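A closer look at the structure
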Amino acid sequence: MTASIPIQFPSQFRGLFQRVESTSRPLLADALRKVHEAPIPSELRPFFDHVTVESTQPAFMLVPLMFLAAAEASGGITRRHIDALPTLLLSMEVTAIVDDTVDRTPMRSGRMSFPRRFGDVSATPFTGALLMLIAERAGSCPAEFIDATVRYVIELFSMFLWERQNTYPEQALFERWLEHRYAETRVATQYAIDSSFALNGRAPLPLAAVESFSYVFQDVDDIVGLLERRDQQGENDDLQMGIITRPLLLTLARRPELAGSVEQLWAHYRPLLQSSLIEFQQRHSEVSERTRQLHDRLREAMLEIGVPEAVRRMVGDVRRCVQETPAPLRPFVRELALSVVDRLRRCEREDLTPLLDECFRDEPEDEAVRSWRPGAPPKESRTICVYCSSSDIVEPAWFEVAAALGTEIGKRGDKLVFGGSKTGLMGAVAHATYEHGGEVISVIPEVMRGTPYVFERSNELVVTRDLRARKAAMEARADAFVVLPGGFGTLDETLEILAAKQMHLHRKPIVFVNAKGFWEPLVSLFEHLFRERFASREHHRHLYHLAQDPEGVFAYLESYVPPPFPAKWF
């Protein structure tokens, strides 16, 4: 058995991050193992091991956690998300090296940063090597995710370069500097969330929502740095490093005379810009000691003026973030934003508590949000994947059950994705869906193309190379899975999607239509597995649901809440 990969997560963040970490740890460990096992030339091995193997906390771990949370919120974690995870982890390591080089960061997650350990000059060739390693993974990673990675690297690294050239800026650049700082966070957020949505065939979050969230995320990070004195933990002090933050700008807006003090402070640090990181750290300590009183006076003003005002604005940013999000995604975005704000709330500064509590106060829900609560029909259509038989020689009663299901799908404005045949129960459910106004998506293997067995009235026809690819295509498009009576093919499809849910690869509902007790023998087999402990009744009984008829199917779908997963799937 392969040794387990130890992973340390950022414990300061709870809520959504802690929940996703607990349910997706096996996926992340497997992705990290693939990173560790990458073919690395011996010359690169010491550098690579420092960044990956020897570090138990992967860089910027919140980004992969957001990626997986976004997948859950947009339809479930699929094989495509899993294939993208190693590339995402590598991208975060590249980002950390460049960020630490630009910001002259000596420590990251309690360890020496790469440029501090190996020097600034080593960062350039090593970053290039990691980027080529990402390019080499293109064949095993979804193409759209590789495209998203390329866009992310180009856009973010361009901003890093601008930031490096404008460190310790003149006052005329302050506003633009802060805009760039927020934009860097926005690009990372879009990479995590929008690329995850895309792998589920979903549209990106509106730009206004992402921008508001970026303000929240960046401001929380900057304020926590001030309150917890990260400089005393070996990390950088933003004020000493010439970095513009919202608390600084808001302080200067209230007390403009302090702009002269900022310029006076930074005049001592600007000559250090051309130094190597090691030289910078040595000389930085000297300058820091010499300017301590000036620095502390500015810091106290920021804590008194800038921090409370920034938190007041954060309340509005959280609300805008949620309001600009489409109704079905608002619970996800709100939980994400509040999980970030909670990091600041736990700094336990009493004067900020009433302001932060405003973020957590429940807002009155508008009609769009209420319509997405369990028990009410959604305003947007779901895509329901139906597994069933294509045989024409089964009893007529089974055709009636299939037609009744298709009728309900069509009447409710939902979409059907299925195996594309016009015969058997497949044909019955497709015809009924189409006749009652529903959209029909047929997914067929190449071998069926041009045969007389394909459902002719499909709104969309998807042709895959083989049966395995057909299953993957149906799964990626589905919001829910409904299993009508069927044979070996139906069992194959159903057991695979059940096993995927057991392994935390998705959290979508799975419903057996148990008309006339058709699936009772299979359920008896499942109970046998539970008794013999080949599966866990406690953890796996909730993977599926039995409904007697289509009405029961939709009653379950509309009240469905994704179950919590145990830390281990086995």
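The model shown is predicted, which means the values in this text are computed figures rather than measured ones. (Residues numbered from 1 in each chain as written. Predicted model: local features only at pLDDT ≥ 70, side-chain atom pairs only at ≥ 80, totals over all residues. Heavy atoms only, no water.)

1. A word on the overall build of the protein chain
In plain terms, the rule: In this description a helix means any DSSP run of H or I spanning at least four residues, a strand means any run of E spanning at least two, and both kinds are numbered starting from the N terminus. Atoms counted for the radius of gyration: C-alpha only. Globule rule: 2.2 Å times the number of residues to the power 0.38. For every residue, the accessible area (1.4 Å probe, protein chains only) is compared with the maximum for its type, and the residue is labelled buried under 20%, exposed over 50%, or partly exposed between those bounds. Two residues form a contact once any of their heavy atoms are found within 4.5 Å.
The secondary structure content of the protein chain amounts to 23 helices and nine strands. Computed over its C-alpha atoms, the radius of gyration of the protein chain comes to 27 Å, within 12% of the 25 Å expected for a compact globule of 570 residues. For the C-alpha atoms alone, the extent of the protein chain along its principal axes is close to 90 × 60 × 45 Å. Among the 570 residues that make up the protein chain, the fraction classed as buried is 56%. Of the contacts formed within the protein chain by residues at least 6 apart in sequence, a portion of 75% connects residues at least 24 apart.

2. With respect to the confidence of the model for the protein chain
Put simply, the rule reads: Confidence scores labelled pLDDT are given residue by residue by the predictor and lie between 0 and 100.
Residue-level pLDDT values for the protein chain average 88, and 93% of them are 70 or greater. Confidence drops under pLDDT 50 across residues 364-379; counting only partners more than four residues distant or on other chains, this segment forms 21 contacts.

3. Remarks on the sheet that holds strand S5 (residues 439-445)
Basically, it comes down to this: For two strands to be treated as a pair, DSSP must find at least two bridges joining them. Every axis in this analysis is a line fitted to C-alpha atoms, fitted for helices over the stretch in contact. Angles between the N-to-C directions lie between 0 and 180 degrees.
With respect to topology, seven strands assemble into an open sheet ordered S6-S5-S4-S3-S7-S8-S9, the strand pairing being parallel. The open sheet has two edge strands, strand S6 (460-464) and strand S9 (545-547), and neither has a second partner. For this sheet, the mean angle separating the axes of adjacent strands, direction not counted, is 25°. Taken together, the five bridges between S5 and S6 define a ladder with parallel strand orientation. Within S6, the residue paired with Ile-444 across the bridge is Val-463. Helix-sheet contacts for helix H17 (residues 396-411) involve strand S3 (383-387), strand S4 (415-418), strand S7 (480-483) and strand S8 (510-513), and the interaxial angle to S3 is about 170°.

4. Structural notes on the environment of Tyr-215
Among the structural elements, Tyr-215 can be located in helix H9 (residues 207-227). Exposure remark for Tyr-215: the relative accessible area of 27% places this residue in the partly exposed category. Separated by 176 residues in sequence, Tyr-215 and Ser-391 have C-alpha atoms that sit 57 Å apart. Residue contacts for Tyr-215: discarding those within four places in its chain leaves Tyr-182, Arg-246 and Asp-317.

5. With respect to the side chain of Ser-288
Position of Ser-288 among the secondary structure elements: in helix H12 (residues 277-290). Ser-288 sits in the buried class, given a relative accessible area of 11%. Every residue in contact with Ser-288, bar those within four places of it in the chain, is listed here: Gln-240 and Tyr-269.

6. Observations concerning H12
For clarity, the cut-off: To estimate the expected span of a helix, subtract one from its residue number and multiply by 1.5 Å.
Over its 14 residues, H12 runs 20 Å from end to end, which matches the ideal 20 Å to within 8%, given 1.5 Å per residue. Buried-residue contacts for H12 involve helix H4 (79-103), helix H5 (114-118), helix H6 (120-136), helix H11 (259-269) and helix H13 (292-323).

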